[in-house]
Amino acid sequence: WRNNANSNTVGIFLRGIVGGMGLHPIILPSYNNVSLNNANSNDNGIQLMDCVECVVYHNNVKDNDHYGIKLHRCSACFVMGNNVCNNSVGFYLYGIVEYIQITSINYIYHNNFIQNIEQVELHNCIYDDWDDGYPSGGNCWSDYTGVDLLSGPYQNVTGSDGIGDTPYIIDANNQDRYPLIGVHDVAIVNVEPSDTEVYVGQIVNITVTVQNQGNF
């Protein structure tokens with residue numbers, strides 16, 4: 001975490017552990033945390049493969065040639081609070097095929113998907129969650145065309161609440177029920193240590209840049 005992974009084939013890559021044999025492999029929990037990184041101007045920004053119970057949190061993923069964040073055969077992973085901007089495909093998700101004995105459910109919310117050529121590309125995905133319920137909400141989508149005139153879990157109460165009145169449709173099986181209106185997140189956009197090599201007893205200064213990326 002807290003890496004600047006720029007101008008690579010893959011900025012950050014993690015692969016989980018696959019156990020079992022033959023036609024019935026089992027993907028074992030990997031419990032990785034990918035947080036507070038800058039993964040910009042790569043072919044793929046952040047890529048996880050065969051991972052279970054991982055967290056991808058508060059990363060800046062921008063200007064990547066192919067995929068911003070890519071999850072391939074992952075389950076029970078949380079993708080939250082990321083700024084995913086100006087990529088060819090913002091978020092790629094390939095679900096676990098049926099012969100692997102685990103349910104493919106991932107949780108994707110509180111992310112900012114901004115000006116990606118294609119926001120999401122999905123394969124074999126029918127069980128994933130794209131919001132954290134009401135009033136926590138889902139994600140901010142720059143191509144969302146709905147309005148915010150109503151509120152409540154059914155969006156049928158007069159008055160705005162920062163959540164779109166209609167879902168953001170991803171495909172026939174996936175939707176963000178509570179799309180966020182506007183980007184309202186204060187995020188760490190850069191972390192720079194004074195030294196790249198640290199020894200016991202050494203004092204290191206760390207400069208953290210925090211930016212209000214929202215409308216509030």
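Shown above is the structure to which this text applies.
Residues numbered from 1 in each chain as written. Predicted model: local features only at pLDDT ≥ 70, side-chain atom pairs only at ≥ 80, totals over all residues. Heavy atoms only, no water.

Let's talk about the overall build of the protein chain
Helix and strand counts for the protein chain stand at 0 helices and 22 strands. Considering the protein chain as a whole, with its 216 residues, one finds that 47% of them fall into the buried category. Put simply, of all contacts in the protein chain between residues at least 6 apart along the chain, 52% involve residues at least 24 apart. For the protein chain, the accessible area works out to roughly 11,100 Å², and carbon and sulfur atoms hold 52% of it. (Helix = DSSP H or I, 4+ residues; strand = E, 2+ residues; numbered from the N terminus. Buried < 20%, exposed > 50% of the residue type's maximum accessible area, 1.4 Å probe, protein only. Contact = heavy atoms within 4.5 Å. Areas by Shrake-Rupley, 256 points an atom, 1.4 Å probe, with all protein chains shown as cover.)

Quick look at the nonpolar core
Generally speaking, soluble globular proteins have nonpolar side chains that are buried together. Within the largest apolar cluster, 28 residues are counted, with the highest numbers of intra-cluster contacts made by I46, L48, I69, L71, F91 and W130. When residues of this core are traced back to their parent elements, those giving at least two are strand 6 (44-49), strand 9 (67-72), strand 12 (89-94), strand 15 (118-123) and strand 19 (168-171). Dropping the residues within four chain positions of it, L48 is found in contact with L14, V34, C54, V56, K70, L71, H72 and C74. Within the second largest apolar cluster, 5 residues are counted, among which are C140, I163, Y178 and L180. (Core = buried A, V, L, I, M, F, W, Y, C linked by side-chain atoms within 4.5 Å.)

Let's talk about unusual backbone geometry
A cis amide bond links Y134 with the next residue in sequence, P135, at an omega value of 5°. For R73, which is not glycine, the phi torsion reads 55° and is therefore positive. Structurally, the position occupied by R73 is in the loop between strand 9 and strand 10 (78-80). Its identity as a non-glycine residue notwithstanding, Q155 has a phi of 50°, on the positive side. With respect to the helices, strands and loops of the structure, Q155 is situated in the loop between strand 17 (150-151) and strand 18 (157-158). On the basis of relative accessibility, which here comes to 7%, the residue Q155 falls in the buried class.

Examining the sheet that holds strand 6
Spatially, the 5 strands line up as an open sheet ordered 1-6-9-12-15, and their pairing is parallel. In the strand order of this sheet, the two ends are held by strand 1 (10-15) and strand 15, each with one partner. Averaged over all adjacent pairs, the angle separating strand axes in this sheet is 5°, with direction ignored. Note that strand 1 and strand 6 share 5 bridges and pair parallel. For V10, the partnering residue across the bridge sits in strand 6 and is N44. (Pairing = 2+ DSSP bridges. Axes fitted to C-alpha atoms, helices over the stretch in contact; angles between N-to-C directions.)

Concerning the packing of aromatic side chains
Scanning all chains against the criterion turns up 9 aromatic pairs. Measuring from ring centre to ring centre gives 4.7 Å for Y67 and Y92, while their planes differ by 50°; the resulting arrangement is tilted. Note that Y67 is positioned in strand 9 and Y92 in strand 12, a separation of 25 residues in sequence. For the residue pair Y67 and Y92, the accessibility class agrees, reading buried in each case. When the ring of Y134 is compared with that of Y178, the centres are 5.6 Å apart and the planes differ by 55°; the resulting orientation is tilted. (Phe/Tyr/Trp six-rings, centres within 6.5 Å; stacked < 30°, edge-to-face > 60°.)

From the geometry alone we can't say anything about function, so treat these as descriptive.
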